[in-house]
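One-letter residues, chain by chain:
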Amino acid sequence: MTEPDRATHVIAVANMKGGVAKTTNCISLCAALAELGRRSLIIDLDMTAGATKVLGAPTSGWLSTYELLTHVEEAPGCVITDEDEEVKLPKGIHLIPSSRKLNELDQFLATNQWVVAQDILVEPIRQLRGRYDYIFLDTPPQITKTTVPAYKAADFVLLSALPTHLSTEGLAEALQDVVSARRYGNGKLQIIGVIVSAVRRPLTRLATQLVEYVKTKVVTEDGVALKFATDVSLSVAIQDAEKHHQTIFQFAPDSAPAEQYRAIARELEARIRSIATHGKLIPNVAATTEEAGEVVNA
């Protein structure tokens, strides 16, 4: 018996500044969603291969995002699954790894004039829809030949931010990129939310100002805040987990960050249901997670 098709949600994880927890958010959210019974695929579009390395997958010798983007291989054939014996991925998380070959993508596009650069992910994503509940596109921290295709193929953009000036500036640039993507390539693209990470407790005055800026300035056309109700605490547990090629749920399942990502995953699903039902985010979409957010952020 074949498995029924899943309603796949494609989410590009972005910010135009490096070191703002994009990859951590991507992997941790997938792990939190796995606890809810969801199956997720991470497509590592960053030449630095952050998600690939954190998950302990190889960056050479395997089919990678280069073969995916150049259509050398059908998309399903590029996937490392959680049942692979050579790469021990967490249950519920599959991966298409990055590799150094991504450096050759510019040359490929330059010598294949009939290939439309912004469309190179459209067909691979079409092949993968129905197989996963979520496909997360882990993008590089700048506009590259993989960032634009990610915005073209995605349903949603998930933005990562830290309570720092540089991160906030990168967030503003990413917001403008989403506007451009909607205007010139993907009119259906929506921002699903902003995760603020590495938050110290108690908040410094500067951090308070920056978090409030994200909360009040990054909103929908109807004024609904796009910042998730729950922030992710600054924690060495996350760094230690990544050093051991584990998710925070494997390394410290009872830690504050694990609980925070669980709350964000619930709110993410509530937001997607809101959009599916109402065509947009509604003001009380986070109502079921506000209390949890207050607890885990304490």
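Worth saying up front: this structure is predicted, and the values here are computed from it rather than measured.

Let us now look at the environment of cysteine 30. Counting through the fold element by element, cysteine 30 comes out in helix α1 (residues 22–35). With 207 residues separating them along the chain, cysteine 30 and alanine 237 place their C-alpha atoms 17 Å apart. In contact with cysteine 30, other than residues within four places in its own chain, are Ser40, Ile42, Ile93 and Phe136.

Time to look at the sheet that holds strand β1 (residues 9–14). Taken in spatial order, the 6 strands make up an open sheet running β3-β2-β4-β1-β5-β6, and their pairing is parallel. The sheet terminates laterally at β3 (93–96) and β6 (190–196), the two strands that pair on one side only. Across the sheet, the mean angle from the axis of one strand to that of its neighbour is 25°, orientation sign disregarded. With 5 bridges connecting them, β1 and strand β4 (residues 134–138) associate as parallel partners. By the bridge assignment for β4, valine 13 is matched with aspartate 138.

For the rest of this paragraph, the subject is empty space enclosed by the protein. Over the atoms, a rolled probe matching the size of one water molecule traces out where space is still vacant. Inspection of every chain in the model, using the stated rule, returns 1 cavity of 30 Å³ or more. By volume, the largest cavity amounts to about 70 Å³. The wall of the largest cavity is formed by Thr24, Ile27, Ser28, Val54, Ile238, Ala241, Glu242, Gln246, Thr247 and Ile248. In terms of residue class, the lining of the largest cavity is built from 5 nonpolar, 4 polar and 1 charged.

In this section: the pattern of salt bridges. As enumerated under the stated definition, the model contains 12 salt bridges in all. Note that glutamate 35 is salt-bridged to arginine 262, the shortest N-O span being 2.7 Å. Here glutamate 35, found in helix α1, pairs with arginine 262, found in helix α11 (residues 256–278); they are 227 residues apart in sequence, far enough to count as distant. Take glutamate 35: its relative accessible area is 44%, and that puts it in the partly exposed class. Using a relative accessible area of 15% as the deciding quantity, one classes arginine 262 as buried. When the shortest N-O distance is used, the salt bridge between aspartate 119 and lysine 152 registers 2.4 Å. A residue pair is termed long-range when its members are at least 10 positions apart, and aspartate 119 in the loop between α4 (105–110) and α5 (122–128) and lysine 152 in helix α6 (residues 147–153) qualify at 33 residues. Judged by relative accessible area, aspartate 119 falls into the partly exposed class, the value being 30%.

We now examine the pairing of β6. The two faces of the sheet receive side chains in turn, since in a regular strand these alternate between them. Most of β6 is tucked away, with 6 of its 7 residues classed as buried. Inspection of the sheet shows strand β5 (residues 156–161) paired to β6 by 6 bridges, in the parallel sense. What sits directly across from valine 157, in β6, is isoleucine 191. Since β5 and β6 lie parallel, the crossover through helix α7 (residues 165–184) that links them has a hand, and here it is right-handed.

Our next topic: α11. Note that an α-helix has 3.6 residues per turn; residues three or four places apart therefore point the same way. Taking 1.5 Å per residue as the helical rise, α11 with its 23 residues ought to reach 33 Å, and the 32 Å between its terminal C-alpha atoms agrees with that figure. Glycine 279 lies just past α11 and shows a positive phi near 80°.

Now for the layout of surface pockets. Taken as a whole, the largest pocket spans an internal volume of roughly 510 Å³. In terms of lining, the largest pocket is formed by 18 residues, of which the most central are Ile191, Val219, Thr220, Glu221 and Leu226. The set of elements that each furnish at least two residues to the lining of the largest pocket consists of α7 and β6. The element that contributes the greatest number of residues to the lining of the largest pocket is α7, accounting for 4 residues. Of the residues belonging to the lining of the largest pocket, the class tally is 10 nonpolar, 3 polar and 5 charged.

Reading the values: the criteria
Residues numbered from 1 in each chain as written. Predicted model: local features only at pLDDT ≥ 70, side-chain atom pairs only at ≥ 80, totals over all residues. Heavy atoms only, no water. Helix = DSSP H or I, 4+ residues; strand = E, 2+ residues; numbered from the N terminus. Contact = heavy atoms within 4.5 Å. Pairing = 2+ DSSP bridges. Axes fitted to C-alpha atoms, helices over the stretch in contact; angles between N-to-C directions. 1 Å grid on protein atoms, 1.4 Å probe; cavity = no way out; pocket = protein on both sides within 12 Å on 5 of 7 lines; lining within 4 Å. Points joined across faces, edges and corners; volume = space filled by probe spheres on them. Nonpolar A, V, L, I, M, F, W, Y, C, P; charged D, E, K, R; others polar. Salt bridge = Lys/Arg side-chain N within 4 Å of Asp/Glu carboxyl O. Buried < 20%, exposed > 50% of the residue type's maximum accessible area, 1.4 Å probe, protein only. Right-handed = clockwise from strand over helix to strand, strands pointing away. Expected span 1.5 Å × (residues − 1).

So far we have only geometry, and geometry alone does not tell us how the molecule works.
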